[in-house]
Amino acid sequence: AKSCSDEHAHDHSHAHQKRLFPQTQLTKPTRPLEWGDLNIIHTTDTHGWLLGHQHASFPEPNYSGDLGDFASFVQHMKQLAIEKDVDLLLVDSGDLHDGTGLSDGFPAGGIDAHDANQFIKQLPYDIMAIGNHELYDYINTWDMYTNFVPALGGKYLSSNVNITVFDVNKNTIDVPVGNRFRKFTTRKGRKITSLGVLYDFTGNDVNTTVQSVADMVKEQWFADAIAEEPDLFLLVGHMPVSRDNWPTVFNAVRAVHAQTPIIILGGHSHIRDCNQPDGRSMALESGRYMETIGWLSANLGVRSDVDSKNNISFNRRYLDQNRVTYEYHSQQNNHSFDTAQGQSITQGLLNLAKKYDLSMLFGTAPQDYTISRNPYPSNGSSLTLFINEAAPYSLTLNNTRANISNIMITNSGSQRFDIYSGTFDKNDQISASPFTDAFMFIKDLPLGVAQEVLPALNTAGADERRRRDLSEVLRVREREMEKRGYIDRRYMEWLDEMDRRHDGAVKRASHNSTLGYVTSDSCPGVGDDILHAPLASFDIPDFIGSDTPSLSNDTLIDLVFVDFIQEQLLEILNEVQNTTTYTDSNVASYTDVLSNAVLGLYAQHAWN
Ligand SMILES: Nc1ccn([C@@H]2O[C@H](COP(=O)(O)O)[C@@H](O)[C@H]2O)c(=O)n1
């Protein structure tokens, strides 16, 4: 079946309609999935991308399936698993919030992702783990605790994350947001012990608590939970499978059970990644934004094999999230594929998009603007667009400070998705810049001081990376950045490495394959389901700033910055000068315009 992705490939004004007769040609998968006796479908970091990716230029059509298509796929695969008489589990590693109009485009009085999560609840997940984006705002954690978790029936895990609530006597108590662990038995009778671990995140809101992974494994509940030997430890969590704390959890389990199979399903760094901690374990991470669906299979054998010391045969695959992939692997065609549940989920999401008015048009983008596929600064950079064009316009609208010269600074990670040429609507605005961060300022800073802040902020990150082997102090600082949530660099490094390693420029020029991810991980064989040419990738700084005004160094200006970086910015400001010790008391609100509104205001002005 030659299917395609997207009927609105040519008319973005119908962006939120179901694709019936798709037109964009998509490559079929290269080979069938390898099934084991235990199989897992894995999602992570979906961030509200439940209607998939809807733009016509590649790589977007690769990811043009939606949650309804995914639900149909899962249902067919479950049936295949029954026919093959094997187990098939469905697992998610967290970050349901912050990312698209479906999660963040709610009307006043709503709660982020509350409506979108009603559709996720309908999927037969066996385990879901909490992510850091469930914790930036207490109201979101509260919504998970009161509305989402109860519907999951013990399958939502937050091993090291608590929420503070009132008990019946109106005393405050700290309780896990979900369950700390889950023990269950599969259809084929396998006993599984699972966890849901969050990395050492420190950027969480008040009245939520994240225990460090190192402390979590010392807890009595942890010892009790892993004491009895299951057939498999399923360690799910919102934590990258490389360069993070999974070894702490893995080793704690291995200390008690030297041979028991362990599967780790991680997330957070938005990359496709896999490694094998030992011969009886595999760790998989399945990308981001409903772009990738992870597949992991294992031949665990019968209980006597479980006790053996032989290496286990594992397999992993990264599936592009579209109907061609789904139909191929579930052995369906375009007519037999949709299930009633899948169709109802798609329709429900489309209704939600309509209710939230996500097609509301701000303007027509004259060209593509990308986060890292164009150099920064450049005309094609969405970072340049945001900080040099959009922010200086939108943040000074109706602002009494408009006539005072300024430098504006934000974190590059605040920009989450590329802008495509053509109609720019509410959904595009939120996808590009979803956070409701506020802009603050410090007034009367000498220009000579203010202009040192941006390079110093970036040097704190960049030099650190260059001298990683030389300086433990700097390594610790980078780790601190990651704990606060600055993980974007990992994804950028991944894209950069893929471009270099796979001769990106040559492959793109040959036009033999469509653009997409080309993964090199540490697991045997090829992981990608479809071979692509890698995306272009340019290094971007951690922080970006508007042009420095051409004035003398002693001119007093406003230093404007997003509140997400306030703590670091003050630290740096106090390093680059010592005349004044700047604290939160020197900081005031610059405008009521939040970061997620900047691009829309600009588009209304410049793209109409
Ligand atoms: N209020 C916020 C929250 C987060 N960010 C950016 O998101 C990054 C973390 O997102 P992950 O999906 O990687 O967990 C963080 O590094 C920030 O760049 C933000 O800008 N504002």
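What you see is a predicted model, and the numbers here were worked out from it, not measured in a lab. The written sequence of each chain sets the order in which its residues are numbered from 1. For a predicted model such as this one, the threshold for reporting local features is a pLDDT of at least 70, and the threshold for listing and counting side-chain atom pairs is 80 or more; totals across whole chains, interfaces and linings nevertheless cover every residue. In computing side-chain properties, one takes all heavy atoms of the structure into account and sets aside hydrogens as well as water.

J.: Is there a simple way to explain the packing of helix α11 (residues 382–394) against helix α18 (residues 598–606) in this structure?
T.: Working note: a packed helix pair is described by the angle between its axes plus the distance between those axes. Closest axis-to-axis distance for the α11/α18 pair is 8 Å, and the angle between their directions is 80°. With respect to α18, the axis of α11 lies roughly perpendicular. Where α11 abuts α18, its residues Leu 385, Phe 386, Glu 389, Ala 390, Ala 391, Tyr 393 and Ser 394 lie against Val 598, Leu 599, Leu 601, Tyr 602 and His 605. Any residue that is not Ala, Val, Leu, Ile, Met, Phe, Trp, Tyr, Cys, Pro, Asp, Glu, Lys or Arg is counted as polar, Gly included; the first ten are nonpolar and the last four charged. Residues that form the contact of α11 with α18 fall into these classes: 9 nonpolar, 2 polar and 1 charged. Each axis is a line fitted through C-alpha atoms, and for a helix only the stretch in contact is used; angles between axes span 0 to 180 degrees, taken between their N-to-C directions. A helix here means a DSSP run of H or I that spans at least four residues, while a strand means a run of E at least two residues long, and both kinds are numbered starting from the N terminus. In these notes the angle categories are as follows: under 35 degrees is roughly parallel, over 145 is roughly antiparallel, 65 to 115 is roughly perpendicular, and the rest is oblique. The contact definition used throughout considers only heavy atoms, calling two residues in contact when any of these lie within 4.5 Å.

J.: Just to check I follow, could you spell out the packing of aromatic side chains for this structure?
T.: A ring pair, where both rings are aromatic, is described by two values, the distance of the centres and the angle of the planes. Side-chain rings of Phe, Tyr and Trp, where Trp is taken by its six-membered ring, are said to pair if the distance between their centres is within 6.5 Å; with planes under 30 degrees apart they count as stacked, over 60 as edge-to-face, and otherwise as tilted. One pass over the full model with this rule turns up 25 aromatic pairs. Here the aromatic residues Phe 362, Tyr 369, Phe 424, Tyr 602 and Trp 607 are joined through ring pairs into a cluster of three or more. Whether a charge lies above a ring is judged from NZ of Lys or CZ of Arg, which has to be within 6 Å of the ring centre and within 35 degrees of the ring normal. When the ring centre of Phe 184 is taken as reference, the NZ or CZ atom of Arg 182 above it lies at 4.2 Å.

J.: What is the right way to read helix α10 (residues 340–355) from this model?
T.: With 16 residues, α10 should reach 22 Å at 1.5 Å per residue; the first-to-last C-alpha distance of 22 Å fits that figure. We call a residue buried when its accessible area falls under 20% of the maximum for its residue type, exposed when it is over 50%, and partly exposed in between, using a 1.4 Å probe and counting protein chains only. What α10 keeps buried is the set Gly 342, Ile 345, Thr 346, Gly 348, Leu 349, Leu 350, Leu 352 and Ala 353. Phi turns positive, to about 60°, at Asp 357, one or two residues after α10. What a helix should span is 1.5 Å times the count of its residues minus one.

J.: Got a minute to help me understand the sheet that holds strand β22 (residues 588–589) in this structure?
T.: Two strands in a sheet stick together by hydrogen bonds in their backbones, pointing the same way (parallel) or opposite ways (antiparallel). Strand order in the open sheet formed by 5 strands is β20-β17-β21-β19-β22, and the pairing between neighbours is mixed. Single-partner strands in this sheet number two, and they are β20 (543–545) and β22. Pairing between strands requires that DSSP locate at least two bridges from one strand to the other. Sheet topology note: the strand β17 (residues 406–411)/β20 ladder contains 3 bridges and is antiparallel. Directly across from Asn 411, in β20, lies its bridge partner Phe 543. Helix-sheet contacts for helix α17 (residues 566–576) involve β17, β19 (439–446), β20 and β21 (556–562), and the interaxial angle to β19 is about 10°.

J.: Mind showing me how you'd approach the nonpolar core here?
T.: Here is a general trend for soluble globular proteins: nonpolar side chains tend to be buried in one another's company. Put simply, buried Ala, Val, Leu, Ile, Met, Phe, Trp, Tyr and Cys residues joined by side-chain atoms within 4.5 Å make one nonpolar core. In this structure, Ile 41, Leu 67, Phe 70, Leu 123, Phe 222 and Val 249 are the most contacted members of the largest nonpolar core, which totals 78 residues. Here this core takes 8 residues from helix α1 (residues 67–84), the largest share from any one element. Residue contacts for Leu 67: discarding those within four places in its chain leaves Leu 50, Phe 119, Ile 120, Leu 123, Met 290, Ile 345 and Leu 349. Counting 65 residues, the second-largest nonpolar core is a separate cluster that includes Tyr 486, Trp 494, Phe 543 and Val 593.

J.: Looking at this structure, I do not really get helix α7 (residues 246–254). What am I missing?
T.: Helical geometry note: an α-helix holds 3.6 residues per turn, so side chains three or four residues apart project in the same direction. Of all the residues in α7, the buried ones are Trp 246, Val 249, Phe 250, Ala 252, Val 253 and Arg 254. In this structure, the buried side of α7 is in contact with β8 (191–198), α5 (213–216), α6 (220–227), β10 (232–238), β11 (262–266) and β13 (281–286).

J.: Would you take a moment to explain the state of the cysteines for this structure?
T.: What we call a disulfide is simply a covalent bond connecting the sulfur atoms of a pair of cysteines. We call a pair of cysteine sulfur atoms a disulfide when they lie within 2.5 Å. On inspection of all chains with the given rule, the structure shows 1 disulfide. Through a disulfide, Cys 274 is tied to Cys 523; the S-S separation comes to 2.1 Å. Taking the sign of the torsion about the S-S bond as the criterion, the disulfide between Cys 274 and Cys 523, at about -80°, is left-handed. Of the two residues, Cys 274 sits in strand β12 (residues 272–275) while Cys 523 sits in the loop between α16 (504–510) and β20, which places them 249 residues apart along the sequence.

J.: Sorry if this is basic, but what is going on with the UniProt feature "domain: Calcineurin-like phosphoesterase" (unreviewed entry) in the protein chain here?
T.: UniProt positions are given in the numbering used here, feature names are shortened, and annotations may be inferred rather than shown by experiment. Within the UniProt annotation, "domain: Calcineurin-like phosphoesterase" (unreviewed entry) is assigned to residues 39–271. In residues 39–271, the share of helix is 28% and the share of strand is 24%. The end C-alpha atoms are 21 Å apart.

J.: What is the right way to look at the environment of Arg 182 in this model?
T.: Locating Arg 182 in the fold gives a position in strand β7 (residues 181–185). Spatially, the C-alpha atoms of Arg 182 and Leu 234 are 9.5 Å apart, while their sequence positions differ by 52 residues. Apart from the residues lying within four places of it in its own chain, the contact partners of Arg 182 are Asp 126, Ile 127, Gly 154, Lys 155, Leu 157, Ile 192, Thr 193 and Ser 194. Polar contacts, as used here, are pairs of N or O atoms within 3.5 Å; protein pairs need one atom able to donate a hydrogen and one able to accept it. Residues neighboring in sequence count only if both atoms are side-chain atoms. Of note is the side chain of Arg 182, whose polar atom sits 2.9 Å from the backbone oxygen of Asp 126.

J.: Teacher, can you tell me more about the environment of Pro 549 here?
T.: Tracing the backbone shows Pro 549 in the loop between β20 and β21. Note: C-alpha distance between Pro 549 and Gln 451 (98 residues apart in sequence) is 9.3 Å. Residues contacting Pro 549, with those up to four places away along its chain left out, are Ser 405, Asn 406, Ile 407 and Leu 447.

J.: Quick question: what am I supposed to make of the pattern of salt bridges here?
T.: Two side chains bearing opposite charge may form a pair once their charged atoms approach each other closely. Throughout this description, the term salt bridge denotes a Lys or Arg side-chain nitrogen within 4 Å of a carboxyl oxygen of Asp or Glu. Using the criterion set out here, one finds 23 salt bridges in the structure. In this structure, the salt-bridge partner of Asp 418 is Arg 373, at a minimum N-O distance of 3.1 Å. Here the residue Asp 418 occupies a position in the loop between β17 and β18 (422–425), and Arg 373 occupies one in the loop between β16 (361–365) and α11, the gap between them amounting to 45 residues. Taken as a pair, Asp 418 and Arg 373 share a single burial class, namely buried. Residues joined in a network through salt bridges with shared partners are Asp 69, Arg 323, Glu 327 and Asp 338.

J.: What is the right way to read the sheet that holds strand β1 (residues 38–43) from this model?
T.: Sheet architecture is open: 6 strands sit in the order β4-β3-β2-β1-β14-β15, paired in mixed fashion. This sheet does not close on itself; its edge strands, each paired only once, are β4 (156–157) and β15 (313–320). Relative to β4, strand β3 (residues 127–129) is paired through 2 bridges, and the arrangement is parallel. Looking at β4, one finds that Met 128 is bridged to Tyr 156.

J.: Would you mind going over unusual backbone geometry with me for this structure?
T.: Residues other than glycine predominantly adopt negative phi, and peptide bonds predominantly adopt the trans conformation. In this structure, Pro 59 follows Phe 58 across a cis peptide bond, with omega equal to 15°. By the secondary structure assignment, Pro 59 is in the loop between β1 and α1. Positive phi, close to 70°, is recorded for His 270, a residue that is not glycine. Considering the arrangement of structural elements, one finds His 270 in the loop between β11 and β12. Unlike most non-glycine residues, Asp 503 shows phi in positive territory, near 50°.

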